[in-house]
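# Structural features, examined
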Amino acid sequence: MEMARLLAELDGQRYSLAFDGTTRLGEALNVVARFCTEQFVLEQRLVRFVTLAQHADGAALAGVIQ
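The present account deals with the structure reproduced in this document. Small disclaimer: the values here were computed from a predicted structure and weren't measured. (Residues numbered from 1 in each chain as written. Predicted model: local features only at pLDDT ≥ 70, side-chain atom pairs only at ≥ 80, totals over all residues. Heavy atoms only, no water.)

## Points about the pairing of strand β3 (residues 42-52)
In plain terms, the rule: For two strands to be treated as a pair, DSSP must find no fewer than two bridges joining them. Helix and strand assignments come from DSSP, with helices taken as H or I runs of at least 4 residues and strands as E runs of at least 2, each series counted from the N terminus.
Both strand β2 (residues 27-36) and β3 contribute to a ladder of 10 bridges, which runs antiparallel. Each bridged residue has a counterpart across the sheet, and for F35 the counterpart in β3 is E43. Linkage of β2 to β3, two consecutive antiparallel strands, is achieved through a turn of 5 residues, within which F40 is found at a positive phi near 65 degrees.

If you want it as structure tokens, here you go:
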């Protein structure tokens, strides 16, 4: 239900995706969608959170994000 609500909220919006990760033993990667409402309120929503068993380089992280 949460994903359906998120998709409905983002439908028709122009948004940007930002991602960030950690560099600890594993990798915690999050992807956030940012957009502006019709009332010019900036919003952001967590659209994905993934934890990896080990540290990954940039190419491996790009594969995870896809």
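The rest of the description comes next.
## Considerations on the pattern of salt bridges
Opposite charge on two side chains permits pairing when their charged atoms draw close. For clarity, the cut-off: Any carboxyl oxygen of Asp or Glu that lies within 4 Å of a side-chain nitrogen of Lys or Arg is treated as forming a salt bridge with it.
Counted under the stated rule, the structure contains 3 salt bridges. The salt bridge partner of E2 is R5, with a shortest N-O separation of 2.9 Å. Of the two residues, E2 and R5 both sit in helix α1 (residues 2-10), 3 residues apart, roughly one turn of that helix. One salt bridge in this structure joins E43 and R45, with 3.1 Å as the shortest N-O distance.

## Remarks on the environment of L46
This is how the line gets drawn: For every residue, the accessible area obtained with a 1.4 Å probe (protein chains only) is divided by the maximum for its type, and the residue is called buried under 20%, exposed over 50%, and partly exposed between those limits.
Relative to the elements of secondary structure, L46 occurs in strand β3. L46 gets classed as exposed once you look at its relative accessible area, which sits at 52%.

## Quick look at the sheet that holds strand β1 (residues 15-21)
Put simply, the rule is: To obtain each axis, a line is fitted to C-alpha atoms, and for helices this fit is confined to the stretch in contact; angles are then taken between N-to-C directions over 0 to 180 degrees. A contact between two residues is defined here by any heavy atoms of the two lying within 4.5 Å.
Spatial strand order, β1-β2-β3: 3 strands in an open sheet with antiparallel pairing. Each edge of the open sheet is held by one strand with a lone partner, namely β1 and β3. Direction aside, neighbouring strands of the sheet carry axes that sit 20 degrees apart on average. The sheet contacts of α1 involve β1, β2 and β3, and relative to β3 the element is tilted by about 135 degrees.

## Concerning the environment of M3
Inspection of the secondary structure puts M3 in helix α1. Sequence separation between M3 and F40 is 37 residues, and the spatial gap between their C-alpha atoms is 24 Å.

## Structural notes on the environment of V64
Its location among the elements puts V64 in helix α2 (residues 58-65). Given the relative accessible area of 22%, V64 is considered partly exposed. When the C-alpha atoms of V64 and R14 are compared, they prove to be 23 Å apart, with 50 residues separating the residues in sequence. Apart from the residues within four sequence positions on either side, V64 is in contact with L29, R48, V50 and L52.

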